[in-house]
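Tertiary structure, described
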Amino acid sequence: MTLAVQEGLGSSVVEWSKDKESVEQFATIKPQLKRAVEQAINSGLQSGPVLGYPVLDSRITIHSVQIGRGCSMPMLTAGAMNITKILLKQTDIRLAEPVMAVEIIAEEDVITAVLQDLTRRRGEVDYTQDRSTDEGVGLAVLRGTV
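Now for a quick tour of the structure. Numbers given for residues are sequential positions, taken from 1 along each chain in its written order. The model is predicted, so local features are restricted to residues of pLDDT at least 70 and side-chain atom pairs to those at 80 or more, both for listing and for counting; the totals for chains, interfaces and linings are taken over all residues. With hydrogens and water stripped out, all remaining heavy atoms of the structure feed into the side-chain values.

Side-chain atoms within 4.5 Å link the members of a nonpolar core, which is a set of buried Ala, Val, Leu, Ile, Met, Phe, Trp, Tyr and Cys residues. Burial classification: accessible surface area is computed with a 1.4 Å probe over protein chains only, and a residue below 20% of its type maximum counts as buried, one above 50% as exposed, and the rest as partly exposed. Ile41, Ile60 and Ile62 are the most contacted members of the largest nonpolar core, which totals 19 residues. What counts as a helix is a DSSP run of H or I of at least four residues, what counts as a strand is a run of E of at least two, and both are numbered from the N terminus. Secondary-structure elements contributing two or more residues to this core are strand 2 (13–16), helix 2 (31–46), strand 3 (58–64) and helix 3 (73–89). Examining the composition of this core, we find that six residues originate from one element, helix 2, more than from any other. We call two residues contacting when some pair of their heavy atoms lies within 4.5 Å. Leaving out residues up to four positions away in the same chain, Ile60 has contacts with Leu3, Ala4, Val5, Val13, Val14, Glu15, Ile41, Leu45 and Leu87.

Taking strand neighbours across the sheet as the criterion, the three strands line up as 1-3-2 in an open arrangement whose pairing is mixed. Two strands bound the open sheet, and with one partner strand each, they are strand 1 (2–7) and strand 2. Sheet twist, expressed as the mean angle between neighbouring strand axes with direction ignored, is 25°. Between any two strands, pairing holds if DSSP finds at least two bridges. Of the strand pairs in this sheet, strand 1 and strand 3 are connected by six bridges, and their pairing is antiparallel. In the strand pairing of strand 3, Val5 is matched with Ile60. Lying over the sheet, helix 2 contacts strand 1, strand 2 and strand 3, oriented at roughly 150° with respect to strand 2. Geometry is summarised by axes, namely lines fitted to C-alpha atoms with helices restricted to the contacting stretch, and by angles between N-to-C directions that run from 0 to 180 degrees. Lying over the sheet, helix 3 contacts strand 1 and strand 3, oriented at roughly 45° with respect to strand 1.

One fewer than the residue count of a helix, multiplied by 1.5 Å, yields its expected span. Along its 16 residues, helix 2 runs 23 Å from first to last C-alpha, staying within 8% of the 22 Å computed at 1.5 Å per residue. For helix 2, the set of buried residues is Leu33, Ala36, Val37, Ala40, Ile41, Gly44 and Leu45.

What follows is the structure in structure tokens.
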């Protein structure tokens, strides 16, 4: 099986190559096997190489498929999923996460817990600053991205 990946336009799409040689080869494949290959590639896109998140905004083009005699459907789908995962590991995949800049003002006795929570959520702290109030309570200011 030969696949190519390109940037898509929002959602992930699996398509069959339209060049002459590929079309001739694809004509010999039964429709149920074509559907199985497409479904297996889509399954491979559902658990991407970055933290297992689905791959979005991609277009997978199938250029060739060779199915041997006696190849079972589970073997075919497992192979297509595996090739998809290998292809995705070789490309530049980025995790699309929402990012917000935050400023947190907290009392000094809870600042350690806040820092731990930010770290657990993969947040980045740009800086911390001590701030004193008129009441004499020490406050810490955190600025960073989550």
